[in-house]
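Per-entry structural report
Residues per chain, in single letters:
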Amino acid sequence: MEIFGPTIQGEGMVIGQKTMFVRTAGCDYSCAWCDSSFTWDGSGKDLVRQMDADEIWSEMRALGGDGFSYVTISGGNPALLKNLSGLVELLKENEVSVCLETQGSKWQDWFLKIDVLTLSPKPPSSGMKTNFEVLDQIVYGLKENGSLKNASLKIVVFDEVDYEYAKLVHQRYPELPFFLQVGNDDIETEDQMNLMSSLVDKYEWLINKVMCDVEMNNVRVLPQLHVYVWGNKRGV
Ligand SMILES: C[S@@+](CC[C@H](N)C(=O)[O-])C[C@H]1O[C@@H](n2cnc3c(N)ncnc32)[C@H](O)[C@@H]1O
Ligand SMILES: Nc1nc2[nH]cc(C(=O)O)c2c(=O)[nH]1
Ligand code: SF4
Ligand SMILES: [Mg+2]
C-alpha cells in the first residue's frame, strides 16, 4: 500500500536507522488504536497495488537511489503474505538488510531470512487477545533455526493493565531483547506541539514505572521517534 523513504526507523531495536519502508495491505487484527488502520479498514483501498518483487525493488530504487541499505517491511500484517519470500530474497541478493514488523500471530518460513525481526504482541487496550501458543511456536521456530539473535519484542503500553501484560510477555520470553513503546492515543490530531508534549508526559510515566520495578531491569523504554519529528503524518 505504501513504499516510502529513505527515512529513519522510528521504533524498537534499530531506532534511528536509515531505511526504506514497504507497507503491505491487510491485517488479521483490528487494534483499537492502530495508527495504520487504513491498511485494513477499507479507507485506503485505492492505495492497494498488486506488485511483484521486481516492481517493488524498482520503485524503491527510483525513490531512494543508492541511498539506503535497510528496508523495513510493515503493514498491516506482512506475515499474512507467504509470497513476500521473493521480495526478501531479492533484497538479500542486493545486500540490503531486511527488517520486519509483525504482531506475532502468524509464522512464515521467510522469517528465518529477516535481519531485524520485531514481534509486537498486543496488550489488552488494543482489544486483541494474544494466542500464546502461536507466539511460543514462532519463538521456538526462530530459536531452533538460530534466528533468535535477530528478534526482539516490542510492547506498546497505554495504561497499567498493558504494563502488567508487558511484564508477563517479558517473563515468558526472557531470552529476547525487550522494548516498551509509548502508546499514541491521539492518532488523528494535526496539532503536533500538543501531541509531542502529551507523548513526552506519557514517556516519562512509562520510564518511571520501569525505574521502580526490579522485574524490569533489562528492558528499553522508547517513544515513536518519527512521531516526535513528523507527528501523525503518513509515509514518513
Ligand atoms: C502499524 S503496526 C504494523 C505491524 C504489525 N501489524 C504490528 O502491529 O506489529 C507497526 C507498529 O506500530 C505500533 N503501533 C500501532 N499503533 C500505535 C499507536 N497508536 N501507538 C504506538 N504504537 C503503535 C504497533 O504496535 C506495531 O509495533
Ligand atoms: N519512520 C517510521 N518508523 C516506523 N517504525 C515502524 C513503523 C510502522 O508503521 O511499522 C514506522 C513508520 O511508519 N515510520
Ligand atoms: S496488528 Fe498492527 S496493523 Fe494490525 S491492527 Fe494492530 S497495530 Fe494495526
Ligand atoms: Mg507506524
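Residues numbered from 1 in each chain as written. Chains lettered and ligands numbered in written order. Predicted model: local features only at pLDDT ≥ 70, side-chain atom pairs only at ≥ 80, totals over all residues. Heavy atoms only, no water.

As annotated in an unreviewed UniProt entry, the protein carries the name 7-carboxy-7-deazaguanine synthase and is attributed to Mesobacillus boroniphilus JCM 21738. Reading the Subunit (unreviewed entry) entry of the UniProt record for the protein gives the comment "Homodimer." According to UniProt, the comment filed for the protein under the heading Sequence similarities (unreviewed entry) is "Belongs to the radical SAM superfamily. 7-carboxy-7-deazaguanine synthase family." (UniProt positions renumbered as here; feature names shortened; annotations may be inferred.)

**As for the overall build of the protein**
What the protein contains, in helices and strands, is 6 helices and 8 strands. Taken over the C-alpha trace, the protein has a radius of gyration of 17 Å; the compact-globule value for 236 residues is 18 Å, and the two agree within 12%. Along the longest, intermediate and shortest principal axes, the C-alpha atoms of the protein span 50 × 45 × 30 Å. Scored against the burial criterion, the 236 residues of the protein give a buried share of 50%. Across the protein, every contact between residues at least 6 apart in sequence was considered, and the portion connecting residues at least 24 apart equals 70%. For the protein, the computed accessible surface area is about 11400 Å², with 50% contributed by carbon and sulfur atoms. Across the protein, the 21 positively charged side chains and the 34 negatively charged ones have centroids separated by 3 Å. (Helix = DSSP H or I, 4+ residues; strand = E, 2+ residues; numbered from the N terminus. Rg over C-alpha atoms; globule rule 2.2 N^0.38 Å. Buried < 20%, exposed > 50% of the residue type's maximum accessible area, 1.4 Å probe, protein only. Contact = heavy atoms within 4.5 Å. Areas by Shrake-Rupley, 256 points an atom, 1.4 Å probe, with all protein chains shown as cover. Lys, Arg positive; Asp, Glu negative; His and termini not counted. Charge placed at Lys NZ, Arg CZ, Asp CG, Glu CD.)

**Remarks on helix H3 (residues 132–144)**
For H3, which comprises 13 residues, the first-to-last C-alpha distance of 18 Å matches the rise-based estimate of 18 Å (1.5 Å per residue) to within 8%. Considered for burial, the residues of H3 that qualify are Leu 135, Ile 138, Val 139, Gly 141 and Leu 142. The buried residues of H3 occupy one face: seen down the axis, they fall within an arc of 160°. H3 presents Glu 133, Gln 137, Tyr 140 and Glu 144 as exposed residues on the side facing more than 90 degrees away from its buried surface. Against strand S5 (116–119) and strand S6 (151–157) lie the buried residues of H3. Between the side-chain oxygen at the start of H3 and the backbone nitrogen of Glu 133 there is a gap of 3.0 Å, and the oxygen is on Asn 131. Positive phi appears at Gly 146, one or two residues downstream of H3, with a value of about 70°. (Expected span 1.5 Å × (residues − 1). Arc of directions from axis to C-beta. Polar contact = N/O pair within 3.5 Å; in protein donor to acceptor, adjacent residues only side chain to side chain.)

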